[in-house]
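Here is how the chains run, residue by residue.
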Amino acid sequence: MPMNKPQSWEARADEYSLYGFTDLPSVHQRGAVVLTHGEGPYVIDTNGRRYLDANSGLWNMVAGFDHKGLAEAAKAQYDRFPGYHAFFGRMSDQTVMLSEKLVEVSPFERGRVFYTNSGSEANDSMVKMLWFLHASEGKPEKRKILTRWNAYHGVTTVSASMTGKPYNSVFGLPLPGFIHLTCPHYWRFAEEGETKEQFTQRLARELDETIEREGPDTIAGFFAEPVMGAGGVIPPSEGYFQAIMPILRKHGIPMISDEVICGFGRTGNTWGCQTYDYMPDAIISSKNLTAGLFPMGAIILGPELADRVQAAVEKIEEFPHGFTASGHPVGCAIALKAIDVVMNEGLAQNVRDLAPKMEAGLRAIMERSDHIGELRGIGFMWALEAVKDKATKQPFDGSLSVSERIANTCTDLGLICRPLGQSIVLCPPFILTEAQMDEMLEKLEQALVKVFAEVA
Ligand SMILES: *Cc1c(COP(=O)(O)O)cnc(C)c1O
């Protein structure tokens with residue numbers, strides 16, 4: 001231990017913690033925000049300042065930061081059976097019940113569930129499962145993975161390779177065999193004069209041509225978020241999933257819906273694939289699964305993949321994969337409660353009820369501003385994109401760090417929102433009241449007006 005330990009919480013955070021996904025100039029200038037507790041959708045820092053967290057933590061704290069029922073479910077399970085694994089033919093009763101529940105609330109008639117500790121691990125495990133499956137079915141070359149630019153599927157070596165973000169180049173990623181298709185963002189990527197339908201058709205053609213070029217028997221699977229979350233809240237272009245699903249089916253390529261953000265109510269329905277009306281072969285869940293109270297991810301296999309994977313496992317008598325804490329009884333007990341809270345205590349309903357107000361409020365802000373180029377989103381996930389010039393969609397100079405400045409100004413006003421590229425992301429907890437939504441919209445607009453006056 002060094003002799004002169006720094007005194008403030010901010011300095012102590014700075015001295016001993018390595019920040020992940022953090023804009024260092026902002027923390028160097030402003031210090032870290034060190035939090036002690038939460039009340040509803042608010043979090044409170046070591047200086048007693050309150051912030052309305054319009055990002056639900058990291059999309060996951062959908063029931064807010066002090067939900068009594070969830071904490072009680074955790075405490076009760078810690079008292080009853082505080083930990084176990086799911087190997088060697090043993091698992092907790094909570095694990096059995098959660099798998100039943102996940103299949104029941106899934107869009108699948110039947111299925112099987114596999115547990116991980118995070119969304120990244122769930123995607124990573126799904127890739128291993130597909131590699132294993134195809135090899136077992138006599139197609140060991142069927143290993144390439146298709147995703148899209150701007151997709152976010154996690155940070156482990158494989159899930160980072162699936163993620164379509166330029167920052168992964170600092171790790172020498174993606175690995176070979178991970179192919180990124182065009183991001184289905186019409187406003188930003190449409191060609192001159194292209195209609196929404198033509199744009200979608202072009203992306204569908206690109207998918208078909210890519211599969212033909214690479215060879216269908218070299219492609220293990222296609223992964224997509226219903227709405228891209230960390231890519232900047234990008235809903236699919238018009239008819240996107242209807243256009244691509246038949247192509248994947250035709251070539252025998254499994255479609256995996258990464259519902260780590262969209263699952264359990266974020267888009268207004270239980271699953272994003274229901275909102276956009278497609279049937280995947282498997283669903284990846286995490287984040288909302290435990291309402292943020294426990295690190296947990298899950299793969300939910302639909303009937304066909306469940307049967308095929310099971311048959312492949314029967315052949316070698318064991319699926320040689322799993323994590324020490326897979327299917328942890330406390331995590332499962334919390335997830336069972338979280339699903340009940342979201343689906344039966346009015347949280348998902350609140351998203352459906354207040355989404356139109358959120359959209360209208362943000363649209364009004366966009367219309368009053370000369371520097372918001374696009375509003376996009378659905379349910380309780382929205383982004384406003386800042387532009388220098390609305391007509392040409394020209395972005396602000398990157399050196400101005402406009403979205404960071406907006407987010408920092410919001411923080412000063414007691415509102416937490418997230419800068420993503422040149423966008424500001426708002427994805428509040430599902431418990432948000434109308435009054436709290438008004439507070440969010442007012443503070444956001446105040447920050448936008450202030451920052452645009454400084455930079456424009
Ligand atoms: C957050 C996220 C992940 C990764 O989850 P972690 O728990 O952070 O590993 C994967 N996919 C999507 C869509 C996500 O938003």
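Residues numbered from 1 in each chain as written. Predicted model: local features only at pLDDT ≥ 70, side-chain atom pairs only at ≥ 80, totals over all residues. Heavy atoms only, no water.

Participant: Please give an account of unusual backbone geometry that cites residues and values.
Facilitator: Note on backbone geometry: most residues besides glycine have negative phi, and most peptide bonds are trans. Pro174 follows Leu173 through a cis peptide bond whose omega is 10°. Along the chain, Pro174 turns up in the loop between helix H7 (157-162) and strand E6 (178-181). At Asp277, a position not held by glycine, the phi torsion is positive, near 60°. Considering the arrangement of structural elements, one finds Asp277 in the loop between helix H11 (272-275) and strand E9 (282-285). (Helix = DSSP H or I, 4+ residues; strand = E, 2+ residues; numbered from the N terminus.)

Participant: Give me the site of the ligand: which residues, what numbers.
Facilitator: In the vicinity of the ligand, the contacting residues are Ser118, Gly119, Ser120, Asn123, Tyr152, His153, Gly154, Glu225, Asp258, Val260, Ile261 and Lys287. Within the side chain of Asp258, a nitrogen or oxygen atom sits 2.8 Å from a nitrogen atom of the ligand. One nitrogen or oxygen atom from the side chain of Lys287 is found 2.6 Å from an oxygen atom belonging to the ligand. Computed on the free molecule, the ligand has an accessible area of 380 Å², of which 84% lies beneath the protein chains in the complex. (Near = heavy atom within 4 Å. Polar contact = N/O pair within 3.5 Å; in protein donor to acceptor, adjacent residues only side chain to side chain. Areas by Shrake-Rupley, 256 points an atom, 1.4 Å probe, with all protein chains shown as cover.)

Participant: For helix H13 (residues 329-344), give the residues involved together with the corresponding values.
Facilitator: Across its 16 residues, H13 extends 22 Å between first and last C-alpha, which sits within 8% of the 22 Å expected from 1.5 Å per residue. Residues of H13 that are buried include every one of Pro329, Val330, Gly331, Cys332, Ala333, Ile334, Ala335, Leu336, Ala338, Ile339, Val341 and Val342, and no others. (Expected span 1.5 Å × (residues − 1). Buried < 20%, exposed > 50% of the residue type's maximum accessible area, 1.4 Å probe, protein only.)

Participant: Give a description of the layout of surface pockets that names residues and reports values.
Facilitator: Considering only enclosed or pocket space, the second largest pocket measures out at about 860 Å³ in volume. Considering the residues around the second largest pocket, the lining is formed by 29 residues, among which Ala86, Met91, Val113, Phe114 and Phe319 are closest to the centre. Counting only elements with at least two residues in the lining of the second largest pocket, the list comes to helix H5 (93-105), strand E4 (112-116), strand E10 (297-301) and helix H12 (303-316). Residue classes in the lining of the second largest pocket are distributed as 15 nonpolar, 8 polar and 6 charged. (1 Å grid on protein atoms, 1.4 Å probe; cavity = no way out; pocket = protein on both sides within 12 Å on 5 of 7 lines; lining within 4 Å. Points joined across faces, edges and corners; volume = space filled by probe spheres on them. Nonpolar A, V, L, I, M, F, W, Y, C, P; charged D, E, K, R; others polar.)

Participant: Requested: an account of empty space enclosed by the protein, with residues and values cited.
Facilitator: Evaluated as defined, the whole model comprises 1 cavity of 30 Å³ or more. Along the walls of the largest cavity sit Leu181, Thr182, Leu203, Glu206, Leu207, Phe222, Tyr240 and Ile244, which together make up its complete lining. Of all the secondary-structure elements, those providing two or more residues to the lining of the largest cavity are helix H9 (196-214) and helix H10 (240-250). The greatest single-element share of the lining of the largest cavity, amounting to 3 residues, is contributed by H9.

Participant: Summarise the domain arrangement of the chain; cite the residues concerned and give the values.
Facilitator: Taken domain by domain, the chain holds domain 1 (33-66 + 347-455) and domain 2 (70-344). Facing 30 residues of domain 1, the contacting portion of domain 2 comprises 29 residues. Of all residues in domain 1, Trp59, Met381 and Lys393 give up the largest surface area on contact with domain 2, accounting jointly for 25% of the area buried on that side. Applying the counting rule to domain 1 against domain 2 returns 1 salt bridge. Among the ionic pairs, Arg188 bridges to Glu385, the shortest N-O distance being 3.3 Å. Taken together, the links from domain 1 to domain 2 amount to 14 residue pairs in polar contact (both at pLDDT 80 or more). For the side of domain 1 that touches domain 2, the elements supplying multiple residues, two or more each, are helix H3 (56-59), helix H14 (347-368), strand E11 (372-378), strand E12 (381-386) and strand E14 (418-420). Examining the composition of the side of domain 1 that touches domain 2, we find that 5 residues originate from one element, E11, more than from any other. Here the residues of the side of domain 1 that touches domain 2 are counted per class, giving 19 nonpolar, 5 polar and 6 charged. (Domains from an automatic or database assignment. Contact = heavy atoms within 4.5 Å. Buried area = accessible area lost by both parts, 1.4 Å probe. Salt bridge = Lys/Arg side-chain N within 4 Å of Asp/Glu carboxyl O.)

Participant: Can you explain the packing of aromatic side chains? Please cite residues and give values.
Facilitator: Under the counting rule described, the total for this entry stands at 11 aromatic pairs. Aromatic pair Phe241 and Tyr278: ring centres 4.0 Å apart, planes at 20°, arrangement stacked. Of the two residues, Phe241 is situated in helix H10 and Tyr278 in the loop between H11 and E9; the sequence distance between them amounts to 37 residues. Comparing Phe241 with Tyr278, the two get one shared label, buried. For the pair Phe380 and Phe430, a centre-to-centre distance of 6.4 Å together with 70° between the ring planes defines the contact as edge-to-face. Remark: Phe430 occurs in the loop between strand E15 (423-426) and helix H16 (434-455) and Phe380 occurs in the loop between E11 and E12; sequence separation between them is 50 residues. Accessibility expressed as a relative area gives 0% for Phe380, which makes it buried. Residue Phe430 is classed as buried on the basis of its relative accessible area, which comes to 0%. (Phe/Tyr/Trp six-rings, centres within 6.5 Å; stacked < 30°, edge-to-face > 60°.)

Participant: Go over the packing of H9 against H10, please, and point to the residues and values.
Facilitator: Between H9 and H10, the shortest axis-to-axis distance is 9 Å and the interhelical angle comes to 15°. On the basis of their axis angle, the class for H9 and H10 is roughly parallel. As H9 runs across H10, the sense of the crossing is right-handed. When H9 is examined against H10, the residues Thr200, Gln201, Leu203, Ala204, Leu207, Asp208 and Ile211 are found in contact with a partner set consisting of Tyr240, Ala243, Ile244, Ile247, Leu248 and Lys250. (Axes fitted to C-alpha atoms, helices over the stretch in contact; angles between N-to-C directions. Parallel < 35°, antiparallel > 145°, perpendicular 65-115°, else oblique. Left-handed = near helix turned anticlockwise from the far one by under 90°.)

Participant: Please provide a residue-by-residue account of H9, values included.
Facilitator: For H9, with 19 residues, the first-to-last C-alpha span of 27 Å sits near the 27 Å given by 1.5 Å per residue. Considering only its buried residues, H9 is in contact with strand E5 (144-148), E6, helix H8 (186-189), strand E7 (219-224) and H10. Positive backbone phi, at 95°, marks Gly215, one or two positions downstream of H9.

Participant: A description of the nonpolar core should follow, citing residues and the corresponding values.
Facilitator: Ranked by size, the top nonpolar core spans 98 residues in total, and within it Leu102, Phe222, Leu362, Met440 and Leu444 carry the most contacts. Each of domain 1 (33-66 + 347-455) and domain 2 (70-344) accounts for three or more of the residues forming this core. Other than its neighbours up to four places away in sequence, Leu444 contacts Leu362, Ile365, Leu384, Cys410, Leu415, Ile424 and Leu426. If you look at the next biggest cluster of nonpolar residues, it comprises 26 residues, including Ala220, Ile284, Leu301 and Val313. (Core = buried A, V, L, I, M, F, W, Y, C linked by side-chain atoms within 4.5 Å.)

Participant: A description of the pairing of E12 should follow, citing residues and the corresponding values.
Facilitator: In terms of burial, E12 is a largely internal element, 6 of the 6 residues being buried. Going residue by residue along E12, you find Met381, Ala383 and Glu385 tucked away on one face and Trp382, Leu384 and Ala386 tucked away on the opposite face as well. Alignment of E11 against E12, held across 6 bridges, turns out to be antiparallel. Residue pairing in the sheet places Ile372 in a bridge with Ala386 of E12. Joining the antiparallel neighbours E11 and E12 is a turn of 2 residues, in which Gly379 adopts a positive phi near 55°. Bridge analysis of E12 against E15 gives 4 bridges, and the strand direction is antiparallel. From the neighbouring strand, Trp382 faces E15, where its bridge partner is Leu426. (Pairing = 2+ DSSP bridges.)

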